[in-house]
Amino acid sequence: MEAHAPHAPPSFDAIMLPHMDAAYNLARWLLRDPHEAEDALQDACLRAYSSLDRFRGGDGRAWLLTIVRNTCYSRMRQRRREPATEAFEDEAHGSTHDPADANASAWREAKGEMLKEALERLPDEYREVVVLHEIEGLPYREIAVVAEIPIGTVMSRLARARRRLQAELLTLTGRAPS
Amino acid sequence: MNCSESRALLEADADGELDLIRHLELGAHLRSCPGCSRIAEAARARRDALREALPRFTAPPQLVERIRASLGAGQSRPARRASVIWPVWNAVGVAASLVLAVIGGYALGRAHARGDALLGEAVADHVRSLQASHLMDVASTDQHTVKPWFIGRLDFSPPVADLADAGFPLVGGRLEHLDGRGAAALVYKRRQHVINLFIWQAGGGAVAQRRGRQDGYSALTWSQGGLNYMAVSEIPGDELAQFVAGYRGRTE
């Protein structure tokens, strides 16, 4: 084992820099605008850096993404001038299962642009779990940390998000019964 | 396993979140149940479509530089890894490695302690390779360029295979130092993510075959023909296992 040096100064380069793309990608998908995403990333990094002394070690990625996510949500709230009160209600956005709708061919035939548009149409809370899981490859455990929800909620939210995504996709391809 | 149990686990399995035992049980059920396997097929098709089609936006380099400059962090690059006690193997990793270690007959405790230290070292090398614009000493997608490059730089010849057709293109290689000796790092890509495959001589002892995770990175180690191998990446563990299976299929 190497010597344990608890007072070594944590640095941007070692803890945050490796996760800049992940952080930007999340901000870009949440805010759906490159300039807003750049501003949000800058804000978030500033916040993260000033609270580095509270970083407990471990997962730098989840820690940074949590801060990026919170920064994006407060920007979205400002943009909509909405009070930050209501919690997202998963149940209000559709059920988790409908075995009849498993549709491999719809996914195989989907064009990239269409998938992107379908994802952009999802509510923020659904879009973010899809982005974190499918694009960033985060495990459930890490998504739970970033989105500040229990692992069980990660699973049900992903399930609902996917169902909704498939519904959007079918609408875009004109295959939905509507 | 019956259908209702199977359907509750299908998504988690496609997401690489099931432990080994349940993964195998589910696999057995799917082979005998067309209904469930149709749903599993749709989950796989969805995952592949999303992973292929959705762009991963990358941070503009000027923005990163601007942020870095604004934080005044330009010069400092302390060795962070000595100061953090990482939460090492997760439960799944331990369970899987237990099974594998028993099968392989490895001395468990010793192998694990060494494995943990190695994992920390390899992940630190991986992170450094991403941040220091020192990903590659030799940049080439041609295995016949990458392999000879190591001659004279290492006292062994690392097996090099291109896996572009399996979705893991070779992009280059570089020299590393691991386990107290010179190591080859082969650099592969998976979509926009980097996979570092470290290869070094097993003179200090063969590593156990195991999966691990640290700081959000997946790792897989194995030993073959007097060489130790460790693949490290931020892609999910099941995808990394796919990469390793592909690599071993071409080189062994």
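Just so it is clear, the model here is predicted, and its values are computed rather than measured.

Cut-offs used in this document
Residues numbered from 1 in each chain as written. Chains lettered and ligands numbered in written order. Predicted model: local features only at pLDDT ≥ 70, side-chain atom pairs only at ≥ 80, totals over all residues. Helix = DSSP H or I, 4+ residues; strand = E, 2+ residues; numbered from the N terminus. Buried ≥ 20, exposed ≤ 12 C-beta atoms within 10 Å, placed from the backbone. Contact = placed C-beta atoms within 7 Å. Axes fitted to C-alpha atoms, helices over the stretch in contact; angles between N-to-C directions. Parallel < 35°, antiparallel > 145°, perpendicular 65-115°, else oblique. Left-handed = near helix turned anticlockwise from the far one by under 90°. Pairing = 2+ DSSP bridges.

(A) Representation of the overall build of chain B within the structure. In terms of helices and strands, chain B carries 8 helices and 7 strands. Counting the 252 residues in chain B, one finds 39% classified as buried. Across chain B, the fraction of contacts at a sequence separation of at least 24, relative to all contacts at a separation of at least 6, is 59%.

(B) Focus on the packing of helix 7 (residues 124-135) of chain A against helix 8 (residues 140-147) of chain A. All names here are of chain A. Viewed as axis vectors pointing N to C, helix 7 and helix 8 meet at an angle of 140°, and their least axial separation amounts to 10 Å. Taken together, helix 7 and helix 8 sit at an angle that is classed as oblique. With respect to the hand of their crossing, helix 7 and helix 8 are arranged in right-handed fashion. Contacts between helix 7 and helix 8 involve Glu-128, Val-129, Leu-132 and His-133 from the first element and Ile-143, Val-146 and Ala-147 from the second.

(C) Focus on the pairing of strand 2 (residues 170-178) of chain B. Residues and elements named next belong to chain B. In terms of strand pairing, strand 1 (residues 138-139) meets strand 2 through 2 bridges, oriented antiparallel. Opposite Ala-139, over in strand 2, you have Gly-172 as the bridge partner. Relative to strand 3 (residues 181-190), strand 2 runs antiparallel, the two being bridged by 8 bridges. Its bridge partner lying in strand 3, Gly-173 is registered against Leu-186. From the end of strand 2 to the start of strand 3, which pair antiparallel, there are 2 residues, and Asp-179 there has a positive phi angle of about 60°.

(D) Looking closely at the environment of Leu-119 of chain A. Here Leu-119 of chain A is to be found in helix 6 (residues 112-120). In contact with Leu-119 of chain A, not counting residues within four places along its chain, are Arg-127, Val-130 and Leu-165 of chain A together with Leu-54 of chain B.

(E) Representation of the environment of Ile-15 of chain A in the model. All names here are of chain A. Position of Ile-15 among the secondary structure elements: in helix 1 (residues 12-16). For Ile-15, a count of 23 C-beta atoms within 10 Å corresponds to the buried category. Distance in space between the C-alpha atoms of Ile-15 and Gly-58 is 9.8 Å, their sequence separation being 43 residues.

(F) Spotlight on the packing of helix 1 (residues 3-14) of chain B against helix 2 (residues 20-32) of chain B. Residue and element names in this part refer to chain B. Put simply, helix 1 and helix 2 touch, their axes get as near as 11 Å, and they point 120° apart. Two packed elements cross with a definite hand, and for helix 1 against helix 2 that hand is left-handed. Contact residues: Ser-6, Leu-9 and Asp-13 in helix 1; Arg-22, His-23, Leu-26 and His-29 in helix 2.

(G) A look at the sheet that holds strand 5 (residues 210-214) of chain B. All names here are of chain B. Pairing within the open sheet is antiparallel, and its 7 strands lie in the order 1-2-3-4-7-6-5. Because the sheet does not close on itself, it has two edges, and the strands there are strand 1 and strand 5. Two strands pair when backbone bridges link them, and strand 3 and strand 4 (residues 193-201) are joined in this way by 7 bridges, in the antiparallel orientation. For Ala-185, the partnering residue across the bridge sits in strand 4 and is Phe-198. Against the sheet, helix 8 (residues 237-251) engages strand 3, strand 4, strand 5, strand 6 (217-224) and strand 7 (227-233), with an angle of about 25° to strand 6.

Geometric values such as these leave the question of function open.
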